[in-house]
Amino acid sequence: MPGRFYDEWQVGDLIAHDLRRTVTETDNLLFTTMTHNSQPLHLDAEAAKASEFGRILVNGTFTFSLMVGITVGDTTAGTLVANLGYDKLVMPKPVFIGDTLRAESEVVEMRPSNSRPGQGIVTWKHRMLNQRDEVVCECLRSALLRSRPAD
């Protein structure tokens, strides 16, 4: 179990996640069609070519989902009770097919649960960066975690 229990975190902890992913045309096409997103910028090469981007733009919800997925193994795998929310989601730079993405997570807030003894809430700032170290996606994620079991 790679995730950490509530009491193993501290505000300021920073993780540079090892997992990286180069986004493929198939990733974008499958995710976009699975979610019924009909935005031509994601599906239509000619429409995308005529846009200010000049090429297919990767679906932003794919980028967000990939960011969260990359972070789970090092943060909450095996210790999560529930994800409580995602806030302040921003996508300051576009993602294109062929971009290689990596993620970082920083603990920005934590507190013990008032209603659930032995559990606490951790809030991370997750960041997704491309191969040029530009932030392409960022959000706050709050999760309810179990504390380490007594031996």
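See above for the structure.
Reference entry: report on the structure contained in this document. (Residues numbered from 1 in each chain as written. Predicted model: local features only at pLDDT ≥ 70, side-chain atom pairs only at ≥ 80, totals over all residues. Heavy atoms only, no water.)

**Looking at the overall build of the protein chain**
Here comes step 1: The secondary structure content of the protein chain amounts to four helices and five strands.
Here comes step 2: From first element to last, N terminus to C terminus, the protein chain shows the α and β order β-α-α-α-α-β-β-β-β.
Here comes step 3: Considered along the principal axes of its C-alpha atoms, the protein chain spans approximately 60 × 30 × 25 Å.
Here comes step 4: The contacts in the protein chain between residues at least 6 apart in sequence include a share of 71% that link residues at least 24 apart.
Here comes step 5: Element-wise, carbon and sulfur atoms account for 52% of the exposed surface of the protein chain, whose accessible area totals about 8,200 Å².
Here comes step 6: For the protein chain, the separation between the mean place of its 16 positive charges and that of its 19 negative charges on side chains is 2 Å. (Helix = DSSP H or I, 4+ residues; strand = E, 2+ residues; numbered from the N terminus. Contact = heavy atoms within 4.5 Å. Areas by Shrake-Rupley, 256 points an atom, 1.4 Å probe, with all protein chains shown as cover. Lys, Arg positive; Asp, Glu negative; His and termini not counted. Charge placed at Lys NZ, Arg CZ, Asp CG, Glu CD.)

**Quick look at unusual backbone geometry**
Note: most residues except glycine have negative phi, and most peptide bonds are trans.
Here comes step 1: Phi at H36 takes a positive value of approximately 60°, unusual for a residue other than glycine.
Here comes step 2: Along the chain, the position of H36 falls in the loop between α1 (25-34) and α2 (40-43).
Here comes step 3: Even without being a glycine, D133 presents a positive backbone phi close to 60°.
Here comes step 4: Note on placement: D133 falls in the loop between β4 (119-129) and β5 (135-146).

**Some points on the environment of R146**
Here comes step 1: Along the chain, the position of R146 falls in strand β5.
Here comes step 2: When the C-alpha atoms of R146 and L80 are compared, they prove to be 6.5 Å apart, with 66 residues separating the residues in sequence.
Here comes step 3: With residues up to four places along the chain from it excluded, the contact list for R146 reads F5, Y6, G78, T79, L80, V81, G118 and Q119.

**A closer look at the pairing of strand β3 (residues 100-112)**
Here comes step 1: For strand β1 (residues 14-22) and β3, the ladder comprises six bridges, and the chain directions are antiparallel. Its bridge partner lying in β3, R21 is registered against L101.
Here comes step 2: By the bridge criterion, ten bridges tie β3 to β4 in an arrangement that is antiparallel. Bridging from a neighbouring strand, E109 pairs with T123 of β4.
Here comes step 3: Hairpin remark: β3 followed by β4, antiparallel, with six residues in the connecting loop; positive phi at G118, about 80°. (Pairing = 2+ DSSP bridges.)

**Focus on the environment of T100**
Here comes step 1: In this structure, T100 sits in strand β3.
Here comes step 2: Among the residues examined, T100 registers a relative accessible area of 25% and is labelled partly exposed.
Here comes step 3: Spatially, the C-alpha atom of T100 lies 18 Å from that of H42, the residues being 58 residues apart in sequence.
Here comes step 4: Not counting the four nearest positions on each side in its chain, T100 is found in contact with R20, R21, T22, L129, N130 and Q131.
Here comes step 5: Within polar-contact distance, the side chain of T100 engages the side chain of T22 at 2.6 Å. (Buried < 20%, exposed > 50% of the residue type's maximum accessible area, 1.4 Å probe, protein only. Polar contact = N/O pair within 3.5 Å; in protein donor to acceptor, adjacent residues only side chain to side chain.)

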